[in-house]
Amino acid sequence: MNLYTKAVHAGDRKRPASGDNQAAWVPVTAPIHTATSFFYNDIDNLDKVFAKELPGQSYSRYGNPTNDALEELVTALEGGAGSLACCSGMAALHMAINVALIDRRRVILAPKLIYGATIGMLNKVFEPAGAETVWADFDDPSAVEAAIAEHRPGVILMETIANPLLRVPAMHRIAKMANAAGVPLVVDNTFATPLITRPLELGASMVVHSLTKYLSGHGDVLGGMVTASEEFLGPLRDLSRTVGFILGPFEAYLSMRGIKSFAVRMERQCSNARKVAEWLAAHPNVDRVHYPADPKHPDAENIAAIFAEGFYGAMVSFEVKGAGRPEIFHLMNSLKMVVPATSLGDVHTMMLYPAIASHRELAPKHRARLGIHDNLVRLSVGIEAVEDILADLDQALRS
Ligand SMILES: *Cc1c(COP(=O)(O)O)cnc(C)c1O
């Protein structure tokens, strides 16, 4: 089935495994199950569920039917053997790295340019726990290959589209290297979504999402998801039963409701973003635009290999001519419709200033070395009429 169709149908209308007598009807959409424990007519069945001999529910830290439905939906979209819904994108990432490192060398290979909170987690959580991170330039596959040979990592971590310069590393080649070396590859696919690329099909072992962003898409739910190949699904579920970072059933319901329209929203967001990027490139007050549809994008070859045809994502970064921090503050304060706030992927267009937000923790010199200059702003393009987005950007750029 096509992804647009799966997004609408997968996970819904499941018949209870045991309830033949009640199975004459099922709700059309998956309900919110708030119960923390589950009851069986025969205690023998509960015993078998605890023993994992029978599928079923027992206690809500282990799972619940609303989460099951959402997990089935995301698995249908990303591929893989199954998924685990977590209470945030960071919790999902934490779970995936921990599961990869069970029985493996506690060395993580990660890109220098990666989501700020991920850098924080690697430095403040994994490093003190004895898992060292080796940082490499993932825009250069030969640097990744050399780092794998030199450091023999237990896990490789990467993002499909790296924030905020929207670089696209050669995931298809890095996955091959990881598989050849027997190292699990964990891909954060939050910026791309399964509409643009499905990392498990390219050889990744686990895919992580912040559901908070495009998949839920309405700025009203925090959540995460790990989708795993067969090898990692069991250990992921086992670890989850113990640590209990799982998503609540209300958030699972909201995420599922959001995902039904994610492909339609994302298609519109990508097409709006492309128009915004082209318009910005011709604007007299804009120096430079970073967008994957640009034929001169430094990763054009990777983009052609990895992305679905005609889709380039809905994030656009641009550099404002002659601007520093005060001018960018003025620009953001002048916006009338575009929302100057953190986060991304929502139905509304948002603008973020990496120097004070996602990359605030880096020293200004370090930021500049990574190419994140003080005149750089990041747009998450929404589903509004594109002329309204352009009109607001134009008046703010000229104010
Ligand atoms: C937001 C985000 C995360 C973290 O997700 P939360 O839901 O905020 O915990 C991880 N990776 C990327 C790329 C993100 O954009």
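Since the model is a prediction, treat every value here as computed from it, not as a measurement.

What follows concerns the site of the ligand. The immediate surroundings of the ligand are formed by 14 residues, with Met90, Asp188, Ser210, Thr212 and Lys213 found nearest. Residue Gly89 places a main-chain N or O atom 2.9 Å away from an oxygen atom belonging to the ligand. Between the ligand and Met90, the relevant distance is 2.9 Å, taken from an oxygen atom to a main-chain nitrogen or oxygen of the residue. Protein contacts shield 92% of the accessible area of the ligand, which totals 380 Å² for the unbound molecule. Per-class residue counts for the shell around the ligand are 5 nonpolar, 6 polar and 3 charged.

Looking now at the environment of Leu376. With respect to the helices and strands, the residue Leu376 is situated in strand β11 (residues 376-380). According to the relative accessible area criterion, Leu376 is buried, its value standing at 0%. Each C-alpha atom of the pair Leu376 and Ala192 lies 21 Å from the other, and the pair is 184 residues apart in sequence. What Leu376 contacts, discounting residues up to four positions off in sequence, is Pro164, Leu165, His290, Ser317, Phe318, Glu319, Tyr353 and Pro354.

Across its 13 residues, helix α4 (residues 89-101) extends 19 Å between first and last C-alpha, which sits within 8% of the 18 Å expected from 1.5 Å per residue. Along α4, the positions that sit buried rather than exposed are Gly89, Ala91, Ala92, Leu93, His94, Met95, Ala96, Ile97, Val99, Ala100 and Leu101. Between the side-chain oxygen of the N-cap and the backbone nitrogen of Met90 there are 3.4 Å, and the N-cap of α4 in question is Ser88. A positive phi of about 65° marks Asp103, the residue just after α4.

Now for the nonpolar core. In terms of nonpolar packing, the biggest core is built from 85 residues, with Leu70, Phe262, Phe318, Met351 and Leu379 touching the most fellow members. The dominant element in this core, judged by the number of residues it contributes, is helix α11 (residues 262-281), at 8 residues. When neighbours within four sequence positions are excluded, Phe262 is seen to be in contact with Leu3, Ala7, Leu77, Thr193, Pro194, Leu195, Tyr214 and Leu215. Core analysis: the next-biggest nonpolar cluster, separate from the first, contains 29 residues, Leu84, Met95, Leu101 and Ala228 among them.

Thresholds applied
- Residues numbered from 1 in each chain as written.
- Predicted model: local features only at pLDDT ≥ 70, side-chain atom pairs only at ≥ 80, totals over all residues.
- Heavy atoms only, no water.
- Near = heavy atom within 4 Å.
- Polar contact = N/O pair within 3.5 Å; in protein donor to acceptor, adjacent residues only side chain to side chain.
- Areas by Shrake-Rupley, 256 points an atom, 1.4 Å probe, with all protein chains shown as cover.
- Nonpolar A, V, L, I, M, F, W, Y, C, P; charged D, E, K, R; others polar.
- Helix = DSSP H or I, 4+ residues; strand = E, 2+ residues; numbered from the N terminus.
- Buried < 20%, exposed > 50% of the residue type's maximum accessible area, 1.4 Å probe, protein only.
- Contact = heavy atoms within 4.5 Å.
- Expected span 1.5 Å × (residues − 1).
- Core = buried A, V, L, I, M, F, W, Y, C linked by side-chain atoms within 4.5 Å.

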